[in-house]
Protein chains: 2
Amino acid sequence: MDWQGYLDREQPRFVAELLDFVRIPSVSAKPENIGDVRRAADWVAARLTAAGAEHAEVLPTAGHPVVCADWLHAGADRPTILIYGHFDVQPAEPFDLWSSPPFEPQVRDGRVWGRGASDDKGGMLIPILAVEAMLRTAGRLPVNVRFFFEGQEEIGSPDLPPFVSANTDRLKADMIFSADGLQWAPDQPQIVEGLKGLVSLEIRVQGPRSDQHSGLHGGGIANPAMALAQVLAGLKAADGRITVAGFYDDVLPLSEADRAAIARVPYDEAAYLAETGAPAAVGEPGYSTRERLWARPTLEVNGLTSGWQGAGTKTVLPAEARAKITCRLVAAQTPERVFDAIRAHVLAHLPPGVTAEVVQNPGRADPFLLPAGHNATAAAAEVLAQVYGRAPYRTRLGGSIPVMTTLLEHLGVHAVMFGFSHDDENLHAPDEFFRLDAFRLGQTAYGRLLERLGA
Amino acid sequence: MDWQGYLDREQPRFVAELLDFVRIPSVSAKPENIGDVRRAADWVAARLTAAGAEHAEVLPTAGHPVVCADWLHAGADRPTILIYGHFDVQPAEPFDLWSSPPFEPQVRDGRVWGRGASDDKGGMLIPILAVEAMLRTAGRLPVNVRFFFEGQEEIGSPDLPPFVSANTDRLKADMIFSADGLQWAPDQPQIVEGLKGLVSLEIRVQGPRSDQHSGLHGGGIANPAMALAQVLAGLKAADGRITVAGFYDDVLPLSEADRAAIARVPYDEAAYLAETGAPAAVGEPGYSTRERLWARPTLEVNGLTSGWQGAGTKTVLPAEARAKITCRLVAAQTPERVFDAIRAHVLAHLPPGVTAEVVQNPGRADPFLLPAGHNATAAAAEVLAQVYGRAPYRTRLGGSIPVMTTLLEHLGVHAVMFGFSHDDENLHAPDEFFRLDAFRLGQTAYGRLLERLGA
């Protein structure tokens, strides 16, 4: 039996294993789930060993642990590749919007439903299964393989840079492939050429010492919730352009060639709106929706908190109001310069009668762009064309994956995203799911990729 | 022994009873405390009976119950007075800001600390104790007395109007006194001539169908949290004036005499800021801080909710953002016209790419102003001058007490606030307290008031 036959035969077991994996609520953002992230790491290490990988180890960082393993017996003349993924997941709140509980995964309609099924537990399991199939059938792999899985991608991988920096021998490779990535559609592959960077921050506006009676003190002193609204509204013009002084200073303008490449990829605004449920596509003027999504920096409010949020009325003038914000960055912006610009803007435009602080939250990423003529990219594109029967689109992604720039910085290699999720799978939202067809197809694609790289 | 001696002798028991009363977490805003509000009603009815009042009954409304009792044996030639108060309390959140638990009251520094000690459990107990003292010593009261205590003042007394309307015989009186009220200072009484009205509403801004990945969709579709901030910021000009079209249309301008009366009451802005802990007093231009607090309508954000509010970063573009707002109204504004104006303004100024709804929350009050030459007011002022040794200031209050206008509308009587709390007692905030000196003084004042009215 060849490795493809093995994959076919073992698929029911693999799906059951994915369900086991999703059952672990490895939410990296929540302190109460620290132990669950560790349990997920142990699960991954055991699964790697079961697949035939060697030296599978859970290794500590200053935060959540990582898992490393390898199989390095292909010979010195064969390339060494590093495969990356993550076993942590986003918080699942609000729970009441899920059709089935986020950590009690179900298979329905050819999909696995549950938090992390798509991002990235299903994705990172794929290359492990492809390697198992090859080792169990051929007894060997065509290339040397290292595995590197982390548990803090969803909080921006804050502790990964020192780990990678201190473990370059363990991680060194000729090429890197990330199992955390999207295909364009179930029948259309893509190569993602660019990712946005990320900076995360919080604005806290303070007024009175403690919550005050809104009748006794309303009109006398400033209201921090209103002041926060004024500060946030002041970050953007009515037309959607970000008004923070210096925000766009480091942005490389889109060339005509860039804009043409983006325009070549089909775009259906009605379908986009149907997918998100948003009533209209709006944003920075002068750019198409897709250009904004792929190639322009953004500033998004992720959360608001102030005062009374329970049922009914509480006549309170809140002591404090807070907003969480993340900005997505494009080349050649840096998180630090953008943070400094926003902080200075907020403090310079603070309404009277309140004080404020602007603090940077954990999680940062530089923007990432694949270089032209990149070997690993060419190989990945060839395999995708073969497996899907269609040449991949060349796209960009509005999301941020800090590890891509961390790996580039410390290992000197541009990672290629080679993942099989899709952006309609409710990543980061209730009712996340993963397509079982893509789960199976991805295993074939990884097997072919290893064969192609070892040829 | 006269009634004053009785009050002196029984004071330790009265304090212990107040502690028992505060221990009941009768939070009217929270559905889980419905049973506690009912327990508080039962406690009040039993206490009224113990004081010698007759016909003490817990009576249903569409929401929390009321308690009625009376003592009507003073004779037909004597006036009948109605005494009002409330046994429900504000929510106690955030619990961690309390020095001692809100529903485990303590006596420290001559004060009772706990939620509701000042607003209004201490206050409403005072007239009951004065009546007990007179009945236990003289065996009779100088006037006919009705008691009327409610359990939904802190949510705006939504179910009181139909109750009062259907029970005018049970409640009819020549004068009404409210035991829910403030004195100017422990050594300075006041007559509160005016109260603001209230309208409560919520703005809900909707964007995508569910929370979206802020990287995949940021910049493509509108962010409801940002849109809400823009909507809120658009409700006020930078200088603090409310910009809602029509908001000020029904406001009676302050006369020079009104402004002079307000200016006669001492005001120390530094002390005001020290009391609230706010960094500055700011608000509508063209009016003094006190004029804004007492005699100008306000619009305050009571709470903000959107997206991720936990620790760390969640890169989400929220599906929804909500703001709770209350406006305080002055004569001759009406809650309905102000709500309509805000709703129309919000819908007319909604940023592109979102939808919104504006809903009125329970709790409304018309503004209230005592008429010139009001008998009950004159009697109350005379008693306060006697008991404190100082003539009361004539003031207004930024707070809203819907029952005042409900009583006026259905019983035809302007109620006079005759209460002994103070506005530094953390009403509606953590560490609420009530002064035991004022508790005792209030009992004497109520006794004298009954004597004065029966003379």
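Given the structure is predicted, the values throughout are model-derived calculations rather than measurements.

*Asks:* Describe the interface of chain B and chain A, listing the residues and the values that go with them.
*Replies:* Taken residue by residue, the interface counts 86 residues in chain B and 86 residues in chain A. Among the secondary structure elements, those contributing two or more residues to the side of chain B that touches chain A are strand E10 (212-213), helix H6 (214-217), helix H7 (224-233), helix H10 (289-295), strand E11 (298-307), strand E12 (316-317), strand E13 (320-329) and strand E14 (355-365) of chain B. If one sorts the elements of the side of chain B that touches chain A by residue count, E11(B) sits on top with nine residues. Its residues assigned to classes, the side of chain B that touches chain A comprises 34 nonpolar, 39 polar and 13 charged. Inspection of the sheet shows strand E11 (residues 298-307) of chain A paired to E11(B) by five bridges, in the antiparallel sense. The partner of A:Ser306 across the bridge, within E11(B), is B:Leu304.

*Asks:* I'd like a rundown of the environment of B:Ser178, residues and numbers included.
*Replies:* Residue and element names in this part refer to chain B. Assignment of secondary structure puts Ser178 in strand E7 (residues 175-178). Of the residues examined, Ser178 has 26 C-beta atoms within 10 Å and is grouped as buried. Note: C-alpha distance between Ser178 and Phe439 (261 residues apart in sequence) is 15 Å. Excluding residues within four positions of it along the chain, Ser178 makes contact with Tyr84, Met404, Ala415, Met417, Phe418 and Gly419.

*Asks:* Before we move on, can you summarise the sheet that holds strand E3 (residues 80-86) of chain A with the specific residues and values?
*Replies:* Residues and elements named next belong to chain A. Sheet architecture is open: six strands sit in the order E1-E2-E6-E3-E7-E17, paired in mixed fashion. The outermost strands of the open sheet, each flanked by one partner alone, are strand E1 (54-59) and strand E17 (415-417). Adjacent strand axes in the sheet meet at a mean angle of 20° when their direction is disregarded. Both E3 and strand E7 (residues 175-178) contribute to a ladder of four bridges, which runs parallel. Across the sheet, Ile81 pairs through a bridge with Met175, a residue of E7. Where helix H2 (residues 34-51) meets the sheet, it contacts E1, strand E2 (66-71) and strand E6 (144-150), and its direction lies at approximately 175° from that of E1.

*Asks:* So, the pairing of strand E13 (residues 320-329) of chain A: which residues are in play, and what are the values?
*Replies:* When a strand is regular, its side chains alternate between the sheet's two faces. Residue and element names in this part refer to chain A. For E13, the tally of buried residues reaches eight of 10 residues, placing the bulk of the element in the interior. In terms of strand pairing, E11 meets E13 through eight bridges, oriented antiparallel. Among the inter-strand pairings, Thr298 is bridged to a residue of E13, identified as Arg328.

*Asks:* Which residues make up the packing of helix H2 (residues 34-51) of chain B against helix H3 (residues 117-137) of chain B, and what values go with them?
*Replies:* All names here are of chain B. In contact at an axis separation of 8 Å, H2 and H3 are set at 25° when each is read in the N-to-C sense. Relative to H3, H2 is oriented roughly parallel. Of the residues in H3, those in contact with Arg47, Leu48 and Ala51 of H2 are Ile128, Val131, Glu132 and Leu135. The residue inventory of the contact of H2 with H3, partitioned by class, reads five nonpolar, no polar and two charged.

*Asks:* Provide a residue-level description of the sheet that holds strand E14 (residues 355-365) of chain A, including the pertinent values.
*Replies:* Taken in spatial order, the eight strands of this open sheet run E14(A)-E9(A)-E13(A)-E11(A)-E11(B)-E13(B)-E9(B)-E14(B), and their pairing is antiparallel. Each edge of the open sheet carries a strand with a single partner, namely E14 of chain A together with E14 of chain B. Adjacent strand axes in the sheet meet at a mean angle of 25°, parallel and antiparallel pairs treated alike. Strand contacts of helix H7 (residues 224-233) of chain A: strand E9 (197-206), E11 and E13 of chain A together with E11 of chain B, with the helix running at about 145° to E9(A), the strand carrying the most contacts.

*Asks:* Kindly report on the nonpolar core, identifying the contributing residues and their values.
*Replies:* Grouped together as the largest cluster of nonpolar side chains are 251 residues, with contacts concentrated most on A:Ile81, A:Leu228, A:Leu232, B:Ile81, B:Leu228 and B:Leu232. Not counting residues up to four positions away in its chain, the partners in contact with B:Leu232 are A:Met226, A:Ala229, B:Val301 and B:Ala323.

*Asks:* With reference to specific residues and values, describe the pairing of strand E3 (residues 80-86) of chain B.
*Replies:* All names here are of chain B. Here E3 lies mainly inside the structure; six of its seven residues are buried. Across seven bridges, E3 lies against strand E6 (residues 144-150) in parallel orientation. Each bridged residue has a counterpart across the sheet, and for Ile83 the counterpart in E6 is Phe147.

*Asks:* Account for the domain arrangement of chain A, naming residues and giving values.
*Replies:* Residue and element names in this part refer to chain A. Examined at the domain level, chain A breaks down into domain 1 (3-195 + 368-454) and domain 2 (197-251 + 297-365). Just the C-alpha atoms count here: the centres of domain 1 and domain 2 sit 35 Å apart. The interface of domain 1 with domain 2 comprises nine residues on the first partner and nine residues on the second. For the side of domain 1 that touches domain 2, the class distribution of residues is five nonpolar, four polar and no charged.

Cut-offs and rules
- Residues numbered from 1 in each chain as written.
- Chains lettered and ligands numbered in written order.
- Predicted model: local features only at pLDDT ≥ 70, side-chain atom pairs only at ≥ 80, totals over all residues.
- Contact = placed C-beta atoms within 7 Å.
- Helix = DSSP H or I, 4+ residues; strand = E, 2+ residues; numbered from the N terminus.
- Nonpolar A, V, L, I, M, F, W, Y, C, P; charged D, E, K, R; others polar.
- Pairing = 2+ DSSP bridges.
- Buried ≥ 20, exposed ≤ 12 C-beta atoms within 10 Å, placed from the backbone.
- Axes fitted to C-alpha atoms, helices over the stretch in contact; angles between N-to-C directions.
- Parallel < 35°, antiparallel > 145°, perpendicular 65-115°, else oblique.
- Core = buried A, V, L, I, M, F, W, Y, C linked by C-beta atoms within 7 Å.
- Domains from an automatic or database assignment.

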